[in-house]
Amino acid sequence: MQMNPLTLIDFYKADHRRQYPDGTELVYSNLTPRKSRVDGTDAVVFFGLQYFVLEYLIHQWNEGFFNRPKAEVLAHYQRRMDTSLGPGSIDVAHIGKLHDLGYMPLEIKAVPEGTVVPLRVAMLTMKNTKPEFFWLTNYLETLISCVIWKPCTSATTALTYRRVFDRYADETVGNREFVGWQGHDFSMRGMSGVEDAVMSGAGHLLSFTGTDSVPAIDFLETYYGANAEQELVGGSVPATEHSVMCMGLKDSEIETFHRLITEVYPAGVVSIVSDTWDFWQVITDFLPRLKPAILARDGKVVIRPDSGDPVHIICGDPNAEPGSPAFRGAIECMWETFGGTITQRGYKLLDSHIGLIYGDSITHERQFQILEQLKQKGFASFNVVLGIGSYTYEYVTRDTFGFAVKATYGEVNGEPRDIFKDPKTDDGTKRSAKGLLSVREENGQLVMQDQCSWAEEGSGLLQTVFLDGKLMKKQTLSEIREVLNRQL
């Protein structure tokens, strides 16, 4: 969506230029996650800045402002302000001066993307590089917050899932070779918009390789130097949906299964939705009858239940009739039919020709319950793939991790000013740092020092990413994944 970059603001930003003290020359701000509303999560993955810089600060500001006629962009901005705030309420001379300059006079410093940043530690700082454009720093607050909080949040959510999968892989298998495929992104259709879905899907792919969000891969190739021909960016498998199964008719469902696994997909992985009518009939009747064909394939048939309580469907329902398929659960029933191997940790792993994916109503709590109950029953975690959907990736807000952009330093007529907020009516969440900031690593942890000198500010982990209209430091997907994996 192409918008006028000048108007990607809250209205109150338009006149802050006049509200700063006369002689203001520098405004220095930061983006920081201040608070966690997720139990057990006290650090946030930094991700999305490079996209923000390339798409908004460079592409959209160039195409929508600097490369357009000055009179045209000023007239558009003046009209928007006049019709909403009142005629002549906002002078546009400073906008004209920015157009004359021809680039964004800003410096943005940040930690490397993929860094897991503790709460109340700045992920990035930004300041104006020319005194007359002091107003521009916080003019961008709304936009930078709007764009970046979501990919950071989704990348953090994915990392939380990844750590649980890692734990159970270590405990029940003895390696993590399959973990990258165990969390599969099924969220796109339920997200709040295309950009939301794509950025969130890209955040998912920092921790996993399984996805059905196709444009997330395009995004990573376009903005993060990924190359799907040379590396595994993200992947999926052929899979059916209910319309396919229904069109084959209920009385012929087993014939549909047989046709899919022997004619349409005689080799490779294929996922078949299996609860269109009677999931337990598929598990206890169809699969035993199809066993010879399944074992004869060079590949895996993945069964996909899509309704009910996922914990009970996969692991068994203790309230069901004892001995029934519902009581035993899908994995135990499939083991009885296909058998498998024992991992080096001593847990059962289904034959490689058969598997299960569950992509409906999966949450962090259910992920844990599924893997723990499978473990208690003697089954390895690699028996299941879990789909992570929009319930997980969409039911979050900027306040999930308390993201905020706040100014902490300024200069007025050459005088340095360490500035801060500390509302007495607040619980401490909104208390800001003071002055210039430096982020450093101490004893394996990131820590932030405020009220720094310029020398201290320039020597920490915050490195220049954007300067005067140009991207100064570029990271690839593989580099970001490496940064993240080092911290696991």
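Here, the structure is the one placed above.
Values in this document were obtained by computation on a predicted structure and should not be read as measured data. (Residues numbered from 1 in each chain as written. Predicted model: local features only at pLDDT ≥ 70, side-chain atom pairs only at ≥ 80, totals over all residues. Heavy atoms only, no water.)

Caption draft 1: Highlighting the overall build of the protein. When you go through the protein residue by residue, the secondary structure sums to 19 helices and 19 strands. Seen through its C-alpha atoms, the protein measures out along the principal axes to roughly 85 × 50 × 45 Å. In the protein, which comprises 488 residues, the share counted as buried stands at 53%. Pairs at least 24 residues apart make up 76% of the contacts formed inside the protein by residues separated by at least 6 positions. When the accessible area of the protein is evaluated, it comes to approximately 21200 Å², of which 49% is carbon and sulfur surface. When the 48 positive and 63 negative side-chain charges of the protein are each reduced to one mean point, those points stand 4 Å apart. (Helix = DSSP H or I, 4+ residues; strand = E, 2+ residues; numbered from the N terminus. Buried < 20%, exposed > 50% of the residue type's maximum accessible area, 1.4 Å probe, protein only. Contact = heavy atoms within 4.5 Å. Areas by Shrake-Rupley, 256 points an atom, 1.4 Å probe, with all protein chains shown as cover. Lys, Arg positive; Asp, Glu negative; His and termini not counted. Charge placed at Lys NZ, Arg CZ, Asp CG, Glu CD.)

Caption draft 2: Region of the structure containing the pattern of salt bridges. Counted under the stated rule, the structure contains 20 salt bridges. Close ionic contact of R289 with D285 constitutes a salt bridge, the shortest N to O distance being 3.2 Å. Placement of the pair is R289 and D285 together in helix 12 (residues 279-296), with a separation of 4 residues, close to one helical turn. Taking relative accessible area as the criterion, D285 reaches 25% and is therefore assigned partly exposed. The salt bridge involving E482 is made with R486; its shortest N-O contact spans 3.5 Å. With E482 and R486 both in helix 19 (residues 477-486) and 4 residues apart, the pair spans about one turn of that helix. Taking relative accessible area as the criterion, E482 reaches 46% and is therefore assigned partly exposed. Linked by salt bridges that have partners in common, R162, D166, D170 and R176 make up one network. (Salt bridge = Lys/Arg side-chain N within 4 Å of Asp/Glu carboxyl O.)

Caption draft 3: Region of interest: the packing of helix 6 (residues 141-172) against helix 16 (residues 364-376). Their axes nearest at 11 Å, the elements helix 6 and helix 16 cross at an angle of 5°. Taken together, the axes of helix 6 and helix 16 lie roughly parallel to each other. Here T157, T160, Y161, V164, F165, R167, Y168, E171 and T172 of helix 6 come into contact with helix 16, specifically with H364, Q367, F368, L371, E372 and K375. Along the lines of polarity and charge, the residues of the contact of helix 6 with helix 16 split into 6 nonpolar, 5 polar and 4 charged. (Axes fitted to C-alpha atoms, helices over the stretch in contact; angles between N-to-C directions. Parallel < 35°, antiparallel > 145°, perpendicular 65-115°, else oblique. Nonpolar A, V, L, I, M, F, W, Y, C, P; charged D, E, K, R; others polar.)

Caption draft 4: Up close: the packing of helix 2 (residues 49-66) against helix 6. Across the interface, helix 2 lies against helix 6 with an axial gap of 9 Å and an inter-helix angle of 130°. Looking at the two axes, helix 2 sits oblique to helix 6. The crossing of helix 2 and helix 6 is right-handed. Contact residues: L49, Y51, F52 and Y56 in helix 2; L143, I144, V147 and I148 in helix 6. (Left-handed = near helix turned anticlockwise from the far one by under 90°.)

Caption draft 5: The pairing of strand 1 (residues 24-33), seen in detail. A large share of strand 1 lies buried, amounting to 9 of its 10 residues. With 4 bridges connecting them, strand 1 and strand 5 (residues 124-128) associate as antiparallel partners. Along strand 5, the bridge assignment pairs L31 with L124. (Pairing = 2+ DSSP bridges.)

Limitation: the analysis is restricted to geometry and does not speak to function.
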